[in-house]
Amino acid sequence: MGRVTERRKVLRIRDGAVSSRPDTLVAEEPLEIRLDGKPLAITMRTPGDDFALAAGFLVSEGVLAAASDLRNIVYCAGATGEGGSNTYNVVDVKTAPGLAVPDITLERNVYTTSSCGLCGKASLDAVRTTARHPIADTPPLRVAPELLAGLPDRLRAAQRVFDRTGGLHAAALFDEDGELLDVREDVGRHNAVDKLVGRALQGGNLPLSRTILLVSGRASFELAQKAVMAGIPMLAAVSAPSSLAVDLAAETGLTLVGFLRGGSMNVYAGEDRIVLRAAAARG
């Protein structure tokens, strides 16, 4: 599809000098996600990895938990633009025969934006879907602060489209040794995480019980939920978490790290996974 970026003419002003030039912008288009033929959600996203995005979204909704839950994902042929061409902006997720879909998913239509993620949920209870991969049941993951401190630079180095546009969020999965496993970019940070989780589901790699999820920007409740639903034991963000994200992390056993910048960080929950030197721990 190749619609990750687009070119627009801009008026550039630098120190009083005025010029006209093309600028590279990140593309943003709607994606409608259908579940077994029924409209479910619309998200504003950067085109690309649409099938993974849809699959990851349904992991966070508690619909999918393993590759065997998914029959296939297709673009809908009826999604046509000018001239009858397919816009590739509608996908239909076909679940495996007999798969039970949670009532909450069937009862609502969701509009999501590139800035806020899921909106319009009736209550907090509606968001807290039951995790199929409880973090507490996984072998303990232990990570040193020094390892965490080096992850943002590795994420930044892998952000190819950000270098051209400056307008994308990113999410990355690292293993417990700090090796980069996968990275996705999107105009919405929640979409970037869905693309990561969806690719893991498609590859039969859920739960992601030995990984660290790093996100650019802040850690919202929704991102914490996505980590929990994918069985990810540690979520780190370069900015602040929300109060609800901290509450969810404490309830589920998720390790939540915020303000991960340079050698500093705040651990808001799950500090037992952070390996501290004895002197530092006493301080």
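Residues numbered from 1 in each chain as written. Predicted model: local features only at pLDDT ≥ 70, side-chain atom pairs only at ≥ 80, totals over all residues. Heavy atoms only, no water.

A. Quick peek at the side chain of Lys195. Relative to the assigned elements, Lys195 resides in helix 7 (residues 189-202). Here Lys195 falls in the buried class, since its relative accessible area comes to 2%. Setting aside residues no more than four positions away along its own chain, Lys195 makes contact with Thr46, Gly48, Asp49, Ala52, Leu53, Arg184, Glu185 and Asp186. (Helix = DSSP H or I, 4+ residues; strand = E, 2+ residues; numbered from the N terminus. Buried < 20%, exposed > 50% of the residue type's maximum accessible area, 1.4 Å probe, protein only. Contact = heavy atoms within 4.5 Å.)

B. Spotlight on the pattern of salt bridges. According to the stated counting rule, one finds 12 salt bridges in the structure shown. For Asp69, the salt bridge goes to Arg132, with nearest N and O atoms at 3.4 Å. One end of the pair, Asp69, is in the loop between helix 1 (50-60) and strand 5 (70-75); the other, Arg132, is in the loop between helix 3 (124-127) and helix 4 (145-149), and 63 residues separate them in sequence. Given a relative accessible area of 41%, Arg132 falls into the partly exposed group. Taking the shortest distance from any N to any O, the salt bridge between Asp182 and Arg199 comes out at 2.7 Å. Of this pair, Asp182 sits in strand 10 (residues 180-186) while Arg199 sits in helix 7, and the two are 17 residues apart along the sequence. Classification of Arg199 as partly exposed rests on a relative accessible area of 33%. What emerges from the salt-bridge pattern is a single network uniting Asp49, Asp182, Arg184 and Arg199. (Salt bridge = Lys/Arg side-chain N within 4 Å of Asp/Glu carboxyl O.)

C. Seen up close, the pairing of strand 11 (residues 211-215). In terms of residue burial, strand 11 counts as a mostly covered element, since 5 of its 5 residues are buried. By the alternation rule, side chains of strand 11 split into Thr211, Leu213 and Val215 and Ile212 and Leu214, which are all buried. In terms of strand pairing, strand 9 (residues 169-175) meets strand 11 through 5 bridges, oriented antiparallel. Paired with Phe174 across the bridge in strand 11 is Ile212. Strand direction decides the pairing type here: strand 11 and strand 12 (residues 234-237), joined by 4 bridges, are parallel. Bridge assignment links Leu213 to a residue of strand 12, and that residue is Leu235. (Pairing = 2+ DSSP bridges.)

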